[in-house]
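Results of the structural survey
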Amino acid sequence: YGEVDAEPLLAARDAAGKPPLEALLIARIVPLLQEFPVFNASISGDDVLEKLHYDIGFAVDTPEGLMVAVIHDADQRTVDELGTEVRRLADAARGRSARPEELHGQTFTISNIGAVGGRYGTPIVPYGTTAIVSIGRADPRPIVRNGEVVVGREFPVSLSYDHRVIDGGTGRVFMGALIDALAAP
């Protein structure tokens, strides 16, 4: 797990017209998956299959429970397009009108538990993937910056991965790159 300064990402969200946070998370995570393909993979028998497509699942809280909607070919979409698709798929999941192909086939998953008030979580790696990230709520709280205690906002980030494929060192390097990507202006 780790924490990431939320201010740059939230400022970028405001500047982009307030798309769903998931759209910005997807846009920043896909390049990391391209750099670290083992996090965008699956296991078949003894083989690790690194995917060359980026079908990103995101958790949707529905009256019937948690569902994972999938944006196929997320790497080929702008933040605006991702935002439109996040809204459409979330509405379809909540309204029980999502098509089966919109609810499976993800190569990586994002769980924004902050949307339901959570901070940290321990996400379970979905079947057919090797990793998942959970982003928590960035409430104002005391943090240390430049040796001073100030009120700031940080996203709590939890990463789970399949240890048959990804070791702790690789997981920590990915987490560091993720924190840097999310904190970038």
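One can find the structure itself at the top, above this paragraph.
Our subject in this report is the structure included herewith. This one's a predicted model, so the numbers in the text were calculated from it and none came from an experiment. (Residues numbered from 1 in each chain as written. Predicted model: local features only at pLDDT ≥ 70, side-chain atom pairs only at ≥ 80, totals over all residues. Heavy atoms only, no water.)

**Describing the overall build of the protein**
A tally of regular secondary structure across the protein gives four helices and nine strands. In the protein, the succession of α and β elements from N to C terminus is β-α-α-β-β-β-β-α-β-β-β-β-α. Whereas a compact globule of 185 residues would reach a radius of gyration of roughly 16 Å, the protein reaches 16 Å, a difference of no more than 12%. C-alpha atoms of the protein, sized along the principal axes, occupy 50 × 40 × 30 Å. The 185 residues of the protein split such that 48% are buried. (Helix = DSSP H or I, 4+ residues; strand = E, 2+ residues; numbered from the N terminus. Rg over C-alpha atoms; globule rule 2.2 N^0.38 Å. Buried < 20%, exposed > 50% of the residue type's maximum accessible area, 1.4 Å probe, protein only.)

**Here's the deal with the packing of helix H2 (residues 21–35) against helix H3 (residues 79–94)**
Following both chains from N to C, one finds H2 and H3 inclined at 130 degrees, their axes separated by 8 Å at the closest point. The pairing of H2 with H3 is recorded here as oblique in orientation. Judged by the twist between their axes, the crossing of H2 over H3 is right-handed. Along its contact with H2, which presents Glu 22, Ala 23, Leu 24, Ile 26 and Ala 27, the element H3 presents Val 79, Leu 82, Gly 83 and Val 86. A breakdown of the residues in the contact of H2 with H3 according to their chemical character gives seven nonpolar, one polar and one charged. (Axes fitted to C-alpha atoms, helices over the stretch in contact; angles between N-to-C directions. Parallel < 35°, antiparallel > 145°, perpendicular 65-115°, else oblique. Left-handed = near helix turned anticlockwise from the far one by under 90°. Contact = heavy atoms within 4.5 Å. Nonpolar A, V, L, I, M, F, W, Y, C, P; charged D, E, K, R; others polar.)

Purely spatial values, then, with no claim about function.
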